[in-house]
Amino acid sequence: MLNLLKSWLKNSLIAILLVTIFLGITTAGWTPSSSAALPAGNAITDGNALLRYALPIDNKPVRQLQASLEDISSQLRANRRWGAISKDISQASRILDKPSQILASVPQERQPQAEAWINELKSGVANLQELANSKDKQQILQQRTKLLNLITELEQSMVKEFPFEVPAQYSNLPQLKGRATVDLKTNKGNLTVVVDGYSAPVTAGNFVDLVHKGFYNGLEFTRSEESYFLQTGDPPGKEVGFIDPNTGKYRAIPLEVLVEGDKEPTYGVTLEQAGRYIDMPVLPFSAFGAVVMARPESEVNGGSSQFFFFLFEPELTPAGRNLLDGRYSVFGYLTEGKEVLDKLKAGDKIESATVVQGIENLVEPQAA
């Protein structure tokens, strides 16, 4: 029965996609219409991996190290290709045997800690090879996760400064000059998200500022669609967004999308409107738990406090060239609590939201 339902939903989504493309139909509202393009290739579907690749660094060896370890999961899913897994581990080991190439991108004052992480990685990769020899799938996945967490720390240590200037016209809005981790306590369990100010400083800054203000405490999830989205952030009363007490006005947040290869985000225009039909955002709609700014369909700069989790389901909303990419601002990803997010529906509640890391990266507005 479940397979029949999934098949029906999948065919329905494809039909909606074809109608949307050929007739140009759009749906007004605070969430996107239910349509997604077919994948253009092997898109990354792990939010943690996407966050690593989104860091503004340029060090080829550490990226190769990351890719080698991430590939292990794919090989395990593909009928446990042990030869390919051993090749990935050997590649990682060779890279770690030349630590100077990695350390070249780390500021001098951070190098002692980076060296310690590299030594820990060397030991961990050797252990990973032993686990591969014994073909212990579960232990391999756990060890791989530990190593990738170390690589995250190592890559973050390479970031020297915020990579671009946010346009002065947005100086009246909070900005996140870096990253922050937010814990959301819900009535069904806890969620942890990492929001990325390197890719979406205005959107992420607005969210972190509202969390810090306690805005989301007690708010319900107001809209949901299985395998598609879960939305919250609509305050009680007639208002649909945050009213800034300093101005008495609705705080409007511009559409903000950083494209791969660009030095800074584009603002106030969808990639489709800009004629960039095949360009991909640095933070795409390809991972379960992508955190996205909601907005009225007809107003690209009309977002405020409402956001949604994208409930990526590969059979129904395949990754790569998703029609939502470039139309809405993704500003982070769920990193813990997938099983909780799976259970949440409209009517469930955020009991509290807390910034647990990175609040020092929040820059307050410079003008009213």
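In what follows, the structure referred to is the one given above.
Residues numbered from 1 in each chain as written. Predicted model: local features only at pLDDT ≥ 70, side-chain atom pairs only at ≥ 80, totals over all residues. Heavy atoms only, no water.

## Quick look at the packing of helix 3 (residues 60-77) against helix 4 (residues 82-96)
Cut-off, in case you're wondering: For helices, the fitted axis covers only the stretch in contact; all axes are lines through C-alpha atoms, and the angles between them, taken along N-to-C directions, range from 0 to 180 degrees. Each helix corresponds to a stretch of at least 4 residues labelled H or I by DSSP, and each strand to a stretch of at least 2 residues labelled E; elements are numbered beginning at the N terminus. Angles are sorted into four bins: roughly parallel if under 35 degrees, roughly antiparallel if over 145, roughly perpendicular if 65 to 115, and oblique for all others. Crossing chirality is assigned from the near helix's rotation relative to the far helix, an anticlockwise turn below a right angle marking it left-handed and a clockwise turn marking it right-handed. The contact criterion used is simple: two residues touch if any of their non-hydrogen atoms lie within 4.5 Å.
At a minimum axis separation of 9 Å, helix 3 and helix 4 run at an interaxial angle of 165 degrees. Here helix 3 is positioned roughly antiparallel relative to helix 4, judged by the angle of their axes. The handedness of the crossing between helix 3 and helix 4 is left-handed. For the pair formed by helix 3 and helix 4, the contact residues are Pro-61, Gln-64, Leu-65, Ser-68, Leu-69, Asp-71, Ile-72, Gln-75 and Leu-76 on the first element and Trp-82, Ala-84, Ile-85, Asp-88, Ile-89, Gln-91, Ala-92, Ile-95 and Leu-96 on the second.

## Considering unusual backbone geometry
Note the following rule: A 1.4 Å probe rolled over the protein chains alone gives each residue an accessible area, and that area as a share of the maximum for its type sets the label: buried under 20%, exposed over 50%, partly exposed in between.
Phi at Lys-135 is positive, roughly 55 degrees, even though this residue is not glycine. In this fold, Lys-135 is placed in the loop between helix 6 (111-134) and helix 7 (137-156). On the basis of relative accessible area, Lys-135 is assigned to the partly exposed category, the value being 48%. One non-glycine residue, Ser-227, adopts positive backbone phi at about 65 degrees.

## Some words on the pattern of salt bridges
Note the cut-off: Salt bridge, as used here: a side-chain nitrogen of Lys or Arg that lies within 4 Å of a carboxyl oxygen of Asp or Glu.
What the rule picks out here adds up to ten salt bridges. A salt bridge links Asp-196 to Arg-179, with the nearest nitrogen and oxygen atoms 3.0 Å apart. Of this pair, Asp-196 sits in strand 3 (residues 189-196) while Arg-179 sits in strand 2 (residues 179-186), placing them 17 residues apart in sequence. Accessibility classification places Asp-196 together with Arg-179 in one group, the buried group. A salt bridge links Arg-251 to Asp-209, with the nearest nitrogen and oxygen atoms 2.8 Å apart. Remark: Asp-209 occurs in helix 8 (residues 201-213) and Arg-251 occurs in the loop between strand 7 (249-250) and strand 8 (256-257); sequence separation between them is 42 residues. Assessed through its relative accessible area of 2%, Asp-209 is described here as buried. Salt bridges linked by common partners bring Asp-209, Lys-213 and Arg-251 together as one network.

## Notes on the pairing of strand 2
Put simply, the test is: Any two strands with at least two DSSP-identified bridges between them are counted as paired.
Among the eight residues in strand 2, six count as buried, and that is most of the element. The pairing of strand 2 with strand 3 spans eight bridges and is classified as antiparallel. Of the residues in strand 3, the one forming a bridge with Leu-184 is Leu-191. Counting the residues between successive antiparallel strands, the hairpin from strand 2 to strand 3 contains two residues.

## So, the packing of aromatic side chains
Under the convention used in this document: In this scheme Phe, Tyr and Trp rings, the latter by its six-membered ring, pair at centre separations within 6.5 Å, and the angle between planes marks the pair as stacked below 30 degrees, edge-to-face above 60, and tilted otherwise.
What the rule picks out here adds up to 16 aromatic pairs. A ring pair is formed by Phe-215 and Tyr-216, whose centres lie 5.2 Å apart and whose planes are at 85 degrees; its orientation type is edge-to-face. Exposure remark for Tyr-216: the relative accessible area of 2% places this residue in the buried category. Ring geometry for Tyr-216 versus Phe-307: centroids 5.4 Å apart, planes at 85 degrees, classification edge-to-face. Of this pair, Tyr-216 sits in the loop between helix 8 and strand 4 (221-225) while Phe-307 sits in strand 11 (residues 307-310), placing them 91 residues apart in sequence. Put simply, the rings of Phe-207, Phe-215, Tyr-216, Phe-242, Phe-307, Phe-309 and Phe-331 touch in pairs and so form one group of aromatic residues.

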